[in-house]
Amino acid sequence: MILLLLLYNCFLFLSLLPSARSSALTTAIAANERLCFYVDADKAGEKIGFYFAVQSGGSFDIDFDVKDPNEKVILDGKSERQGDYVLTANTVGEYSFCFENDMSTLTVKLVDFDIMVESEPRREAPAKPGQVADHTSALEESTFRLNSLLLNIKRTQKYFHTRENRGFSLVRSTQNRLFWYMVLESLGIVGMAVLQVYILQTFFTKTGRRYKV
């Protein structure tokens, strides 16, 4: 009996969670390239979560825009390093999320992004202050609080993941610069040594006037 009660509670917990369709991707955007991704909103009023962060490349910035099914721009940004937005799909259809690396001529940008379409049931407000709706239970309240905490943890993980990738990219860029600086410095030292030897050799072997005694 206890086992059946636990299974029922687990099933009820899973059924209370909001249904969501998401796609977390990491993509490389070449210089002067425009790359778009698409999601479908099945009904009006759905929430679309859009998160992105530039992990490496240049100044860690990118241009982006979001368009509704009528090709109307509902969100855009220039030279943004990262963003976390929640949009309401007022129109049923296909929404486009585009990134454009137009400010770079050679640098490839690595962008980590997440697009989530969420259909979360809204609870009705109590009729009077302090009155709890009949269908609202303690388990439902705990479920929504747990869902909110999990979303906060997910955002925190994304933040530290972005910082780690940017730090690694900065270290790698600094390492490459130091390597080429050492190569140029070594070539300069070798070239200076060869030039000094050539000058000394020319100075002592130069033919001068000869006098017969």
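Before reading further, recall that the structure is shown in the block above.
All of these numbers come straight from a predicted model, not from anything done at the bench.

Novice: Please clarify how unusual backbone geometry should be interpreted in this entry.
Specialist: Excluding glycine, residues mostly have negative phi values, and the peptide bonds linking residues are mostly trans. With a phi close to 60°, F60 is a non-glycine residue in the positive phi region. Within the secondary structure layout, F60 lies in the loop between β3 (46–56) and β4 (62–67). Despite not being glycine, E71 has its phi angle at roughly 65°, a positive value. Its place among the elements puts E71 in the loop between β4 and β5 (73–80).

Novice: Would you mind showing me how to read the environment of S96 here?
Specialist: By the secondary structure assignment, S96 is in strand β7 (residues 93–100). Spatially, the C-alpha atom of S96 lies 7.8 Å from that of P69, the residues being 27 residues apart in sequence.

Novice: How should I be thinking about the nonpolar core in this particular structure?
Specialist: What tends to happen in soluble globular proteins is that the nonpolar side chains get buried as a cluster. Grouped together as the largest cluster of nonpolar side chains are 22 residues, with contacts concentrated most on I48, F50, F52, Y95, F97, F99 and I115. Elements with a contribution of two residues or more to this core: β2 (34–41), β3, β4, β6 (82–89), β7 and β8 (109–119). Setting aside residues no more than four positions away along its own chain, F97 makes contact with L35, C36, F37, V39, I48, F50, D65, V66, L87 and I115.

Novice: Looking at this structure, I do not really get the pairing of β7. What am I missing?
Specialist: Every other side chain in a regular strand lies on the same face of the sheet, so the side chains alternate between the two faces. The sheet contact formed by β2 and β7 spans 8 bridges and is antiparallel. Its bridge partner lying in β7, C36 is registered against C98. Pairing of β4 with β7 involves 5 bridges; the strand directions are antiparallel. What sits directly across from D63, in β7, is E100.

Reading the values: rules and limits
- Residues numbered from 1 in each chain as written.
- Predicted model: local features only at pLDDT ≥ 70, side-chain atom pairs only at ≥ 80, totals over all residues.
- Heavy atoms only, no water.
- Helix = DSSP H or I, 4+ residues; strand = E, 2+ residues; numbered from the N terminus.
- Core = buried A, V, L, I, M, F, W, Y, C linked by side-chain atoms within 4.5 Å.
- Buried < 20%, exposed > 50% of the residue type's maximum accessible area, 1.4 Å probe, protein only.
- Contact = heavy atoms within 4.5 Å.
- Pairing = 2+ DSSP bridges.

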